[in-house]
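The lines below spell out each chain.
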Amino acid sequence: RLAHEAGIRVSPLPGASSVIAALSASGLPADRFTFAGFIPAKAGERQRFLDDYRAAAHTTLFFEAPHRIADTLAAMADTFAGTRPLVIARELSKQFEQIAHLTVASAPAWLGEDDNRQRGEFVLLLGAATAQTNADWQSLADDLRDAGLSAKTTAALVANHTGANKKAVYQHLLERQAEKG
């Protein structure tokens, strides 16, 4: 972590495991982590799979294929708090190795900036979720909705400014609307 903060490039030594190589170079906490394997290809299965890690209190690592990376990063942006750390380790120990330190929200745009970023083998490292109470964002969401913003716009704004999950905010707004009749 200190090396990253000082702007020093950290490159792992190749070993038997890309999981450990990525974790060692990520700068994310490595004292406790989960290796979740490959993310399912089908959208519904992928969503259920990612939902299992929504509240993970430690670093979680995933493998992803180049032909699915864009869809996966978009699904992660919809599932996890936008401010949650995400490290994309690509082509570890190879000529075009890249380790990018991002947030979940910024990852899809980063990937789209350069077609070469969609090539190779990926290890995705998702930082721990932060504990958050509903009071952190629910009243803000209610106020914005009452001020006339659409549920979609409100959910996006609240997610961007509080780190709340956009889908959870949207669901809250739908439930509030149903309560009001």
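To keep things clear, this report deals only with the structure shown in the data block. Quantities reported herein were computed from a predicted structural model and do not represent experimental measurements.

## Overview of the side chain of Arg90
Logical step 1: As for its position among the elements, Arg90 is in strand β3 (residues 85-90).
Logical step 2: Of the polar contacts made by the side chain of Arg90, one reaches the backbone oxygen of Asn116; its length is 3.3 Å.
Logical step 3: Apart from residues no more than four positions distant in its own chain, Arg90 is found in contact with Phe96, Glu97, Gln98, Asn116, Arg117, Arg119, Glu121 and Phe122.

## Brief notes about helix α8 (residues 166-180)
Logical step 1: A rise of 1.5 Å per residue sets the reference length of α8, with its 15 residues, at 21 Å; its end C-alpha atoms lie 21 Å apart and thus fit the reference within 8%.
Logical step 2: Turning to α8, the residues buried within the fold contact α6 (138-146) and α7 (151-162).
Logical step 3: Capping the start of α8, Asn165 holds a side-chain oxygen 2.9 Å from the backbone nitrogen of Lys167, two or three residues further along.
Logical step 4: The first or second residue beyond α8 is Gly181, which carries a positive phi of 90°.

## A word on unusual backbone geometry
Logical step 1: Phi is positive for Glu91, close to 55°, though the residue is something other than glycine.
Logical step 2: Along the chain, the position of Glu91 falls in the loop between β3 and β4 (98-103).
Logical step 3: With relative accessibility at 15%, the residue Glu91 sits in the buried group.
Logical step 4: Phi at Ser93 takes a positive value of approximately 65°, unusual for a residue other than glycine.
Logical step 5: Examined against the element boundaries, Ser93 turns out to sit in the loop between β3 and β4.

## Structural notes on the nonpolar core
Looking at soluble globular proteins, one finds that nonpolar side chains tend to be buried together.
Logical step 1: Residues Leu50, Phe62, Leu73, Met76, Leu86, Ile88 and Leu124 are the most contacted members of the largest nonpolar core, which totals 22 residues.
Logical step 2: Within the residue set of this core, elements represented by two or more residues are α3 (43-51), α4 (69-79), β3, β4, α5 (107-112) and β5 (122-126).
Logical step 3: Ranked by residues supplied to this core, first place goes to α4 with four residues.
Logical step 4: Among residues more than four places away in sequence, those in contact with Leu73 are Leu86, Ile88, Ala107, Pro108, Leu111 and Leu124.
Logical step 5: In this structure, Ala22, Leu61, Ala89 and Leu125 belong to the second largest nonpolar core, which totals 11 residues.

## Points about the sheet that holds β3
Logical step 1: The five strands lie next to each other as β1-β2-β5-β3-β4, forming an open sheet whose pairing is mixed. On the outer flanks of this sheet lie β1 (33-38) and β4, each paired with one strand and no other. The sheet shows a mean angle of 20° between the axes of neighbouring strands, direction not considered.
Logical step 2: In this structure, β3 lies alongside β5, joined through five bridges in antiparallel fashion. Looking at the pairing, Leu86 lines up with Leu126 of β5.

## A word on the packing of aromatic side chains
Aromatic ring pairs are reported here in terms of the distance separating the ring centres and the angle at which the planes meet.
Logical step 1: Tallied over the full model, the rule gives five aromatic pairs.
Logical step 2: Measuring from ring centre to ring centre gives 6.0 Å for Phe49 and Phe62, while their planes differ by 65°; the resulting arrangement is edge-to-face. Of the two residues, Phe49 is situated in helix α3 and Phe62 in strand β2 (residues 59-64); the sequence distance between them amounts to 13 residues. The residues Phe49 and Phe62 share a single accessibility class, namely buried.

What counts, and at which threshold
Residues numbered from 1 in each chain as written. Predicted model: local features only at pLDDT ≥ 70, side-chain atom pairs only at ≥ 80, totals over all residues. Heavy atoms only, no water. Helix = DSSP H or I, 4+ residues; strand = E, 2+ residues; numbered from the N terminus. Polar contact = N/O pair within 3.5 Å; in protein donor to acceptor, adjacent residues only side chain to side chain. Contact = heavy atoms within 4.5 Å. Expected span 1.5 Å × (residues − 1). Buried < 20%, exposed > 50% of the residue type's maximum accessible area, 1.4 Å probe, protein only. Core = buried A, V, L, I, M, F, W, Y, C linked by side-chain atoms within 4.5 Å. Pairing = 2+ DSSP bridges. Axes fitted to C-alpha atoms, helices over the stretch in contact; angles between N-to-C directions. Phe/Tyr/Trp six-rings, centres within 6.5 Å; stacked < 30°, edge-to-face > 60°.

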